[in-house]
Amino acid sequence: MTNAPTTPGIVPARLDRQTLAANFSDVEPPMGAHEAVVAADRCYFCHDAPCITACPTEIDIPLFIRQIQAGQPEAAARTILDQNILGGMCARVCPTETLCEEACVREFAEGKPVEIGRLQRFATDTLMARDIHPYERAAPTGKRIAVVGAGPAGLACAHRLAMRGNDVVLMDARERIGGLNEYGIAAYKTPDDFAQAEIDWLMKIGGIATRTGVRLGETVTLQELRAEYDAVFLGIGLGAVNALGAEGETREGVRDAVDFIAELRQAEDLARLPVGRHVVVIGGGMTAVDAAVQSRLLGAEAVTMVYRRGRDRMSASEHELDHAATAGVRIITNAQPVAVHGNGAVREVEFAYTHDGPDGLKPTGETFRLRADQVFKAIGQTLADLPAGLSLCNGKIAVAGAGRTDLPGVWAGGDCTTGGEDLTVTAVAQGRDAAEDIHKTLNG
Amino acid sequence: MANLATEFLGIKSPNPFWLASAPPTDKQYNVERAFRAGWGGVVWKTLGFDPHIVNVNGPRYGAVWGADRQLLGMNNIELITDRPLDVNLREIKAVKRDWPDRAMIVSLMVPCDEESWAAILPMVEETGADGVELNFGCPHGMSERGMGSAVGQVPEYIEMVTRWCKKHTRMPVMVKLTPNVADIRNAARAAHKGGADAVSLINTVNSITSVDLDAMAPEPTIDGKGTHGGYCGPAVKPIALNMVAEIARDPQTAALPISGIGGITTWRDAAEFLALGAGNAQVCTAAMNYGFAIIKELTAGLSLWMDEKGYRSVDEVVGRAVPNVTDWQYLNLNYVTKARIDQDACIKCGRCYAACEDTSHQAISMSEERVFEVIDAECVACNLCVNVCPVENCITMERLPAGARDERTGQTVSDRYLNWTMHPNNPMAKAAE
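Residues numbered from 1 in each chain as written. Chains lettered and ligands numbered in written order. Predicted model: local features only at pLDDT ≥ 70, side-chain atom pairs only at ≥ 80, totals over all residues. Heavy atoms only, no water.

## Quick word on the overall build of chain A
Helix and strand content of chain A: 17 helices and 17 strands. Taken against the 2.2 N^0.38 rule, which gives 22 Å for 444 residues, the C-alpha radius of gyration of chain A at 22 Å falls within 12% of a compact globule. Dimensions along the principal axes, computed over C-alpha positions, put chain A at roughly 65 × 55 × 50 Å. Burial analysis of chain A (444 residues in total) assigns 54% to the buried set. Contacts spanning at least 24 positions in sequence make up 69% of the contacts within chain A whose residues lie at least 6 apart. Roughly 18,800 Å² of accessible area belongs to chain A as shown, and the carbon and sulfur atoms make up 47% of that amount. Charge centroids of chain A, computed over 43 positive and 59 negative side chains, lie 1 Å from each other. (Helix = DSSP H or I, 4+ residues; strand = E, 2+ residues; numbered from the N terminus. Rg over C-alpha atoms; globule rule 2.2 N^0.38 Å. Buried < 20%, exposed > 50% of the residue type's maximum accessible area, 1.4 Å probe, protein only. Contact = heavy atoms within 4.5 Å. Areas by Shrake-Rupley, 256 points an atom, 1.4 Å probe, with all protein chains shown as cover. Lys, Arg positive; Asp, Glu negative; His and termini not counted. Charge placed at Lys NZ, Arg CZ, Asp CG, Glu CD.)

## Points about the interface of chain A and chain B
The accessible area lost on association of the parts is a frequent measure of interface size. Each partner contributes residues to the interface: chain A has 15 residues there, and chain B has 14 residues. Summed over both sides, the interface between chain A and chain B buries roughly 1,100 Å², with carbon and sulfur atoms accounting for 66% of that surface. Run the count over chain A and chain B and you get 0 salt bridges. By residue number, the principal contributor to the side of chain A that touches chain B is helix 2 (residues 33-41) of chain A, which donates 4 residues. The residue makeup of the side of chain A that touches chain B, split by class, is 10 nonpolar, 3 polar and 2 charged. (Buried area = accessible area lost by both parts, 1.4 Å probe. Salt bridge = Lys/Arg side-chain N within 4 Å of Asp/Glu carboxyl O. Nonpolar A, V, L, I, M, F, W, Y, C, P; charged D, E, K, R; others polar.)

## Side note on the pattern of salt bridges
Counting across every chain of the model gives 57 salt bridges over all chains. A salt bridge links Glu263(A) to Arg255(A); the nearest nitrogen and oxygen atoms lie 2.9 Å apart. Residue Arg255(A) is classed as partly exposed on the basis of its relative accessible area, which comes to 26%. For Arg185(B), the salt bridge goes to Asp183(B), with nearest N and O atoms at 3.0 Å.

## Re the domain arrangement of chain A
Residue and element names in this part refer to chain A. If you check the domain split of chain A, you get domain 1 (10-25 + 243-377), domain 2 (33-129) and domain 3 (144-239 + 383-443). Counting residues at the interface gives 20 residues for domain 2 and 23 residues for domain 3. Area buried by domain 2 at its contact with domain 3 is led by Ile 85, Leu 86 and Met 89, which between them contribute 36% of it. Joining domain 2 to domain 3, the criterion identifies 0 salt bridges. Where domain 2 packs against domain 3, one counts 5 residue pairs in polar contact (both at pLDDT 80 or more). Going through the elements one at a time, helix 5 (73-83), helix 6 (87-93) and helix 9 (116-129) are the ones with two or more residues in the side of domain 2 that touches domain 3. Counting residues per element, the side of domain 2 that touches domain 3 draws most heavily on helix 6, at 6 residues. Considered class by class, the residues forming the side of domain 2 that touches domain 3 number 12 nonpolar, 5 polar and 3 charged. (Domains from an automatic or database assignment. Polar contact = N/O pair within 3.5 Å; in protein donor to acceptor, adjacent residues only side chain to side chain.)

## So, unusual backbone geometry
Residue Leu201(B) is joined to Ile202(B) through a cis peptide bond whose omega torsion reads 10°. Looking at the secondary structure, you find Ile202(B) in the loop between strand 10 (198-201) and strand 11 (205-207). Of note, the bond from Glu219(B) into Pro220(B) is cis; its omega dihedral lies within 30 degrees of zero at 0°. If you trace the backbone, Pro220(B) turns up in the loop between strand 13 (217-219) and strand 14 (229-232). Positive phi is not limited to glycine here, since Phe45(A) has a value of about 55°.

## Remarks on the packing of aromatic side chains
As enumerated under the stated definition, the model contains 9 aromatic pairs over all chains in all. The cationic tip of Arg66(A) hangs over the ring face of Phe45(A); the distance from NZ or CZ to the ring centre is 5.0 Å. Directly above the aromatic system of Trp65(B) lies the positively charged group of Arg69(B), at a separation of 4.0 Å from the ring centroid. (Phe/Tyr/Trp six-rings, centres within 6.5 Å; stacked < 30°, edge-to-face > 60°. Lys NZ or Arg CZ within 6 Å of the ring centre and 35° of its normal.)

## Here's the deal with the side chain of Arg277(A)
Residues and elements named next belong to chain A. Within the element layout of this structure, Arg 277 appears in the loop between helix 14 (257-266) and strand 7 (278-282). Separated by 2.6 Å, the side chains of Arg 277 and Glu 301 make a polar contact. Beyond its immediate chain neighbours, meaning those up to four positions away, Arg 277 contacts Pro 5, Thr 6, Thr 7, Pro 8, Gly 9, Arg 14, Ala 300, Glu 301, Ala 302, Arg 371 and Asp 373.

## What to know about the pairing of strand 9 (residues 173-176) of chain B
A regular strand places its side chains so that they alternate between the two faces of the sheet. Residues and elements named next belong to chain B. Residue alternation in strand 9 divides its side chains into two sets, Val 173 and Val 175 and Met 174 and Lys 176, and both sets are buried. Across 4 bridges, the pairing between strand 8 (residues 131-135) and strand 9 is parallel. Paired with Leu 134 across the bridge in strand 9 is Val 175. Across 3 bridges, the pairing between strand 9 and strand 10 is parallel. Within strand 10, the position partnered with Lys 176 by the bridge is Ser 200. (Pairing = 2+ DSSP bridges.)

## Observations regarding the sheet that holds strand 9 (residues 329-332) of chain A
In sheet architecture, strand pairing relies on hydrogen bonds along the backbone and comes in two forms, parallel and antiparallel. Residues and elements named next belong to chain A. Sheet architecture is open: 5 strands sit in the order 6-13-7-8-9, paired in parallel fashion. The outermost strands of the open sheet, each flanked by one partner alone, are strand 6 (254-256) and strand 9. Direction aside, neighbouring strands of the sheet carry axes that sit 20° apart on average. Here strand 7 pairs with strand 8 (residues 302-306) via 5 bridges, running parallel. Counted as the bridge partner of Ile 282 is Val 306 from strand 8. On the sheet, helix 15 (residues 286-298) packs against strand 7, strand 8, strand 9 and strand 13 (374-377) and is oriented at approximately 170° with respect to strand 8. (Axes fitted to C-alpha atoms, helices over the stretch in contact; angles between N-to-C directions.)

## Regarding the nonpolar core
Core analysis: the biggest nonpolar cluster contains 81 residues, and Trp39(B), Trp117(B) and Leu201(B) have the highest contact counts within it. Sorting elements by how many residues they give to this core places helix 7 (residues 237-248) of chain B first, with 7 residues. Membership of the second largest hydrophobic core comes to 71 residues, among which are Phe64(A), Ala77(A), Val114(A) and Ala158(A). (Core = buried A, V, L, I, M, F, W, Y, C linked by side-chain atoms within 4.5 Å.)

## Details of the side chain of Lys377(A)
Residues and elements named next belong to chain A. In this structure, Lys 377 sits in strand 13. Note on Lys 377: relative accessible area 13%, which makes it buried. If we skip the residues at most four places from it in the chain, Lys 377 touches Leu 244, Glu 249, Val 254, Arg 255, Asp 256, Ala 257 and Ile 282.

## Describing the environment of Tyr330(B)
Residue and element names in this part refer to chain B. Inspection of the secondary structure assignment puts Tyr 330 in the loop between helix 10 (295-309) and strand 17 (337-341). Taking the C-alpha atoms as reference points, Tyr 330 and Leu 418, separated by 88 residues in sequence, lie 8.2 Å from one another. Apart from residues lying up to four places away in sequence, Tyr 330 is in contact with Tyr 417, Asn 419 and Thr 421.

## So, the confidence of the model for chain B
Residue-level pLDDT values for chain B average 96, and 99% of them are 70 or greater. Here the prediction assigns the complex a pTM of 0.93, and the interface score ipTM is 0.90. (pLDDT = per-residue confidence, 0-100.)

## Digging into the sheet that holds strand 1 (residues 144-148) of chain A
All names here are of chain A. Reading across the sheet, the 5 strands line up as 3-2-1-4-17 and stay open at both edges, with parallel pairing between neighbours. With partners counted over all chains shown, the strands left at the sheet margins are strand 3 (208-212) and strand 17 (410-412), one partner each. In this sheet, neighbouring strand axes are inclined to one another by 20° on average, regardless of whether the strands run parallel or antiparallel. Of the strand pairs in this sheet, strand 4 (residues 231-234) and strand 17 are connected by 3 bridges, and their pairing is parallel. Pairing of Phe 233 across the sheet is with Trp 411, part of strand 17. Each of strand 1, strand 2 (167-172), strand 3 and strand 4 touches helix 10 (residues 152-163); the most contacted strand, strand 2, lies at about 165° to it.

## Comments concerning the layout of surface pockets
Residues and elements named next belong to chain A. By volume, the second largest pocket amounts to about 590 Å³. Lining the second largest pocket we find 27 residues, and of these Glu 28, Thr 96, Glu 97, Arg 118 and His 319 sit closest to its centre. Looking at the lining of the second largest pocket, the elements with two or more residues in it are helix 6, helix 9 and helix 16 (318-326). Broken down by element, the lining of the second largest pocket gets its largest block of residues, 5 residues, from helix 16. Split into classes, the residues belonging to the lining of the second largest pocket amount to 11 nonpolar, 4 polar and 12 charged. Counting the residues that make up the lining of the second largest pocket, at least three belong to each of domain 1 (10-25 + 243-377) and domain 2 (33-129). (1 Å grid on protein atoms, 1.4 Å probe; cavity = no way out; pocket = protein on both sides within 12 Å on 5 of 7 lines; lining within 4 Å. Points joined across faces, edges and corners; volume = space filled by probe spheres on them.)

Below is the structure:
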């Protein structure tokens, strides 16, 4: 160890390797077989269960939990994967506390829902550990579909299309397949390279060719894809990041939280990844939490997350915020950045307190400064470029029905489209449903 | 404080909890530990003649578990004691000498001839034991040799052997009954006729607890084969309660003392056996599951409950519920209830709806907001919704008062007692008097 949490500046190795390894191990350990059976027994097998309604992919949750209880986690996994081919990743990253587990009648009854997320992970992990891919391709249709963007929406779409007998070319601008699963999720939620393991498992369906380094509008145009393929699915995500609009935003030490998260996920050696001593994260969503928590886990001495509105307006869940607080992240609400101060590099961020009234957000006139040698911007992402011929709705690609865009033969889903909550699970549902619609449209 | 001391067949014990004849009462070491823990008495593991029997050398017990491996039911293929007779007799004598205030009953099983019983009874008497229990119950192994339940299933044999025993000993004789019969009353009547001082029941229920689906053999599996064993534990309690009640309310055996056995795990189980006519309670599986320390909960619990209810002695509880055990034909058909759902307590799981809609009388409605309500016009008051509801007291059965209209039948509820023997639909009905 060469540095300490108190070493000034943005430096690597604030913690020793052992501590780093412990910090970035599984945030929630997997369930053991007996623990799973006991947890499963708490499920009441509700009639027309509210948890199913709360799941964007509408997994038959009571059924899969009953299958675990009956000693067949592999059958449970099949129930999950029928609806959500990325059920393994969703079990790790879904904000279950605001979805299925919030709807669970035991949450209502006693404040302790059935542990649906962890049970889902137990089931899917059991199946994947046995290297079983329980799906087979239907007879070939002869149809070829381009799926652009290999994140959750694209992967779900590609798998379903391939399963129905179509040939898929799955493209992504990045080096690796996986999109946000691979680049955008906190490392401690998906240790042991789970994202790639899941993709390898998913690809066992066959019929999916992958091409990386393909950038829509640069290396290939939508028009070319439409000419070459029978259909196109766009799951291109949100490639651009909102600016702070504060003075000094371009100072050294200020960067996008998503880049930091991606760099961390791709890092071979966490001890070589630099992080500031005083880190300020601006934003109130999952990205802000992931950047803040991981800064602490890398050894930053002081990490503060600042959000311009009240805590109740933060898009990060209470569970996530509690996790951040437990990791030692200070959370300040009702404050917006005014200026980034420093001499070349950032030294302080100045904030104005705000009041969220009927006329919108207004500064109260009071300001304060936070020491910072590193600032992460996490105030939302936007669509990078809109391909020609598509129209926008609320800044995203407008779609109707199961992801149909304005252009014939072009579907879209995931974060780049309107609707949904920009969650992995929502993207999976949209990709899956678009695939069924594409298949039906092409093959009647 | 309630006095738990009991006198059963003249045998005194500081509390009504005896360890039943089984592995826990197999030898001096265990029994002394049990007495130190506070057990009121023991029925010593069944003695037989030498050469002593042998047990299997593989697993003896099978199990039925709940989700968290709660032992709901257990079965066994163990036989009677597998130690020499003189060793057992010597130990019984020593324990009784050292623990004179505890009940010491000796369970016996010898071949079905008078000489055998005439031979063993004096040996037991010599130990100073307080009484004997005739094991006519074991359903496995010994029954194939003409003993155990092979005797207990033939009332004539029960009577005959009981008579021999009464003839050859001055000790109280208790007959342990097998539940593996069509009508337990015949066995109890036979014991009574033979002069038995008491019956104890139930012994274990014939059972196969599970099948190993890989080996395709019943469990416990011995070298690829399995056999039926005796089922015990909480799962058999309802069977035992009914059999105890049947004997307690049978005019022919109403005066016959009963030692209650079958799945007693907590003070409440014991209180239920007492209420249905058992004079004391024998426990085995609960001790095998948790150890002898459970006696503290049993005695403290029974004592507390008796204090709360104002019962000063165990005798005041014994048989108190027997007058309320009746035949179906005497149940009041004018007692009309309807299910009521407490909307504040409801957690909206919908299990009452699924159960009623799919398997009962379609008497619960479900709104889009998941509000579940009883449809009085359909509700037959079967109680299924109460049973499947995960929230205690969320659904209850409320009696319709006399004069109210039963929406299902369209009739006005009468305050007149009307049972099947008086009902107009019964061709054999007698007019109400």
